[in-house]
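An overview of the molecular structure
What follows is each chain in one-letter form.
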Amino acid sequence: MQGVREVLKASRKGAGAGGLSGVHGAVAELIRVPEHLEIAVETALGGALQHVVMEDERSARQGIAFLKQRQLGRATFLPLDVMKGRSVPESEKPAKRKPSGRSSSRS
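What counts and how
Residues numbered from 1 in each chain as written. Predicted model: local features only at pLDDT ≥ 70, side-chain atom pairs only at ≥ 80, totals over all residues. Heavy atoms only, no water. Helix = DSSP H or I, 4+ residues; strand = E, 2+ residues; numbered from the N terminus. Buried < 20%, exposed > 50% of the residue type's maximum accessible area, 1.4 Å probe, protein only. Contact = heavy atoms within 4.5 Å. Areas by Shrake-Rupley, 256 points an atom, 1.4 Å probe, with all protein chains shown as cover. Core = buried A, V, L, I, M, F, W, Y, C linked by side-chain atoms within 4.5 Å. Pairing = 2+ DSSP bridges. Axes fitted to C-alpha atoms, helices over the stretch in contact; angles between N-to-C directions. Salt bridge = Lys/Arg side-chain N within 4 Å of Asp/Glu carboxyl O.

Here we look at the overall build of the protein chain
The secondary structure content of the protein chain amounts to four helices and three strands. For the protein chain, the α and β elements follow one another from N to C terminus as α-β-α-α-β-α-β. Scored against the burial criterion, the 107 residues of the protein chain give a buried share of 23%. For the protein chain, the share of sequence-separated contacts (at least 6 apart) that also reach a separation of at least 24 residues comes to 61%. As displayed, the protein chain has an accessible area near 8,600 Å², and 51% of this comes from carbon and sulfur atoms.

Spelled out as structure tokens, the structure:
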């Protein structure tokens, strides 16, 4: 993950000092997860935790060029203006259970 490290380091310098602008950070830096769920979330996201969230496609392209020109490795960029959210269709959501009104105790 050398590329990710280099992009994050360059973003701290700022665009004027030979660095990068438009970097929000790695996914792992941007999310907060309750402690008891950390392992599950880390397992589910895997390598995506190191993807770099960028302001827009232009800044992501600059990040790619930055890494290529300096041969600093690779990184996956997530430009906010290109990404689209997804939702689960109602037909695929688990049905909500309704109380039956029956008692399950037996004598």
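Read on for the rest.
Looking at the side chain of Ser59
Looking at the element boundaries, Ser59 is found in helix α4 (residues 57-70). Look at Ser59 and you get buried, because its relative accessible area is 1%. Leaving out residues up to four positions away in the same chain, Ser59 has contacts with Ser21, Gly22 and Met54.

Things to note about the nonpolar core
Generally speaking, soluble globular proteins have nonpolar side chains that are buried together. With 14 residues, the main nonpolar core has Val7, Val23, Val52 and Phe77 as its most contacted residues. Looking at this core, the elements with two or more residues in it are α1 (2-13), β1 (23-26), β2 (52-54) and α4. In terms of residue count, the dominant contributor to this core is α1 (four residues).

Observations concerning the environment of Gly47
By the element assignment, Gly47 lies in the loop between α3 (38-45) and β2. Gly47 gets classed as partly exposed once you look at its relative accessible area, which sits at 48%. Here the alpha-carbon distance between Gly47 and Ala28, two residues 19 residues apart in the chain, equals 9.8 Å.

Concerning the sheet that holds β2
Across the sheet, three strands lie side by side as β1-β2-β3; this open sheet has mixed pairing. What marks the edges here is a single partner per strand, and that holds for β1 and β3 (77-79). Ignoring strand direction, the axes of neighbouring strands in this sheet form an average angle of 20 degrees. As paired strands, β2 and β3 are joined by three bridges and run parallel to one another. Its bridge partner being in β3, Val53 is matched across the sheet by Leu78. Helix-sheet contacts for α1 involve β1, β2 and β3, and the interaxial angle to β1 is about 140 degrees. Packed onto the sheet, α4 meets β2 and β3 and runs at close to 160 degrees relative to β3.

Quick word on the pattern of salt bridges
Taken as a whole and judged by the stated rule, the model has three salt bridges. When the shortest N-O distance is used, the salt bridge between Glu90 and Lys93 registers 3.0 Å.

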